[in-house]
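Chain by chain, the residues run as shown.
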Amino acid sequence: VQLQASGGGLVQAGGSLRLSCAAAERTFSSYDMGWFRQAPGKEREFVATFTWNGFIYYADSVRGRFTISRDNAKKTVYLQMNSLEPDDTAVYYCAAATRLPYSAYEDQNKYHYWGQGTLVTVSS
């Protein structure tokens, strides 16, 4: 599965951005699609996942501010980010996994396909 992330950029605190991740995969609808991020000097962390069967999970740090969605016809997953904070500054990665169990959706090691990352910078 080839993934292409886009939509990053520079935004002021309180602003919004929408990230997109397009997949070159005809069976896109059967994959769990996730977003992760890696801030400077930190490890990559889970942000959100939209499972193949419609379940959505968020990290506590973004719940209520970020919204993950997917369009299976367009083979694209989105991350709408509102009320951005400087701590949201990171490279954001989309990832795909094959039908994860409930306990694994936050585990980046369970995602076998990754996009190249898109940089989001939030200025204070």
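Residues numbered from 1 in each chain as written. Predicted model: local features only at pLDDT ≥ 70, side-chain atom pairs only at ≥ 80, totals over all residues. Heavy atoms only, no water.

A. Main features of the overall build of the protein chain. In terms of regular secondary structure, the protein chain is built from 0 helices and 11 strands. Reading the protein chain from its N terminus to its C terminus gives the helix and strand order β-β-β-β-β-β-β-β-β-β-β. Scaling as 2.2 N^0.38, a compact globule of 124 residues should have a C-alpha radius of gyration of about 14 Å, and the protein chain matches this with 13 Å. Expressed as a percentage of the 124 residues in the protein chain, the buried residues total 46%. Excluding contacts between residues fewer than 6 apart, the proportion of contacts in the protein chain whose partners are at least 24 apart in sequence is 58%. Accessible surface computed for the protein chain: about 6400 Å², of which carbon and sulfur atoms make up 45%. With 12 positive and 11 negative side-chain charges, the protein chain shows a spacing of 8 Å between the two charge centroids. (Helix = DSSP H or I, 4+ residues; strand = E, 2+ residues; numbered from the N terminus. Rg over C-alpha atoms; globule rule 2.2 N^0.38 Å. Buried < 20%, exposed > 50% of the residue type's maximum accessible area, 1.4 Å probe, protein only. Contact = heavy atoms within 4.5 Å. Areas by Shrake-Rupley, 256 points an atom, 1.4 Å probe, with all protein chains shown as cover. Lys, Arg positive; Asp, Glu negative; His and termini not counted. Charge placed at Lys NZ, Arg CZ, Asp CG, Glu CD.)

B. How the structure looks around the nonpolar core. Counting 39 residues, the largest nonpolar core has Trp35, Val47, Phe66, Ile68, Leu79, Met81 and Tyr92 as the members making the most contacts within it. With 6 residues, the top contributor of residues to this core is strand 9 (residues 90-97). Among all residues touching Ile68, those that are not within four sequence positions of it are Met33, Trp35, Ala48, Thr49, Phe50, Ile56, Tyr58, Val77, Tyr78 and Leu79. (Core = buried A, V, L, I, M, F, W, Y, C linked by side-chain atoms within 4.5 Å.)

C. Representation of the sheet that holds strand 8 (residues 76-81) in the model. Strand order in the open sheet formed by 4 strands is 1-3-8-7, with antiparallel pairing between adjacent strands. Single-partner strands in this sheet number two, and they are strand 1 (2-6) and strand 7 (66-71). Here the strands of the sheet are splayed against their neighbours by 15° on average, with no regard to which way each runs. Bridging between strand 3 (residues 17-24) and strand 8 involves 6 bridges; their strand directions are antiparallel. Its bridge partner lying in strand 8, Ala22 is registered against Thr76. (Pairing = 2+ DSSP bridges. Axes fitted to C-alpha atoms, helices over the stretch in contact; angles between N-to-C directions.)

D. Local environment of the state of the cysteines. Enumeration over the complete set of coordinates arrives at 1 disulfide. Across the disulfide from Cys21 sits Cys94; the S-S distance is 2.1 Å. Between Cys21 and Cys94, the S-S dihedral sits near 60°, and the bridge is therefore right-handed. Within this pair, whereas Cys21 is found in strand 3, its partner Cys94 is found in strand 9, the two being separated by 73 residues in sequence. (Disulfide = S-S within 2.5 Å.)

E. Region of interest: the pairing of strand 5 (residues 45-50). Burial analysis of strand 5 places 5 of its 6 residues in the buried class, which makes it a mostly covered element. Bridging between strand 4 (residues 32-38) and strand 5 involves 5 bridges; their strand directions are antiparallel. Note on strand 5: the bridge partner recorded for Met33 is Phe50. Hairpin connection of strand 4 to strand 5: 6 residues between the antiparallel strands, including Gly41 at a positive phi of 75°. Of the strand pairs in this sheet, strand 5 and strand 6 (residues 56-58) are connected by 3 bridges, and their pairing is antiparallel. For Phe50, the partnering residue across the bridge sits in strand 6 and is Ile56. Where strand 5 folds back onto strand 6 in an antiparallel hairpin, the turn is made up of 5 residues, including Gly54, whose phi is positive at roughly 100°.

F. Fine view of the environment of Ser123. In this fold, Ser123 is placed in strand 11 (residues 118-123). Once the C-alpha coordinates of Ser123 and Ser6 are considered, the two residues, 117 residues apart in sequence, prove to be 19 Å apart. The residues contacting Ser123, other than those within four sequence positions of it, are Leu10, Val11, Gln12 and Ala13.

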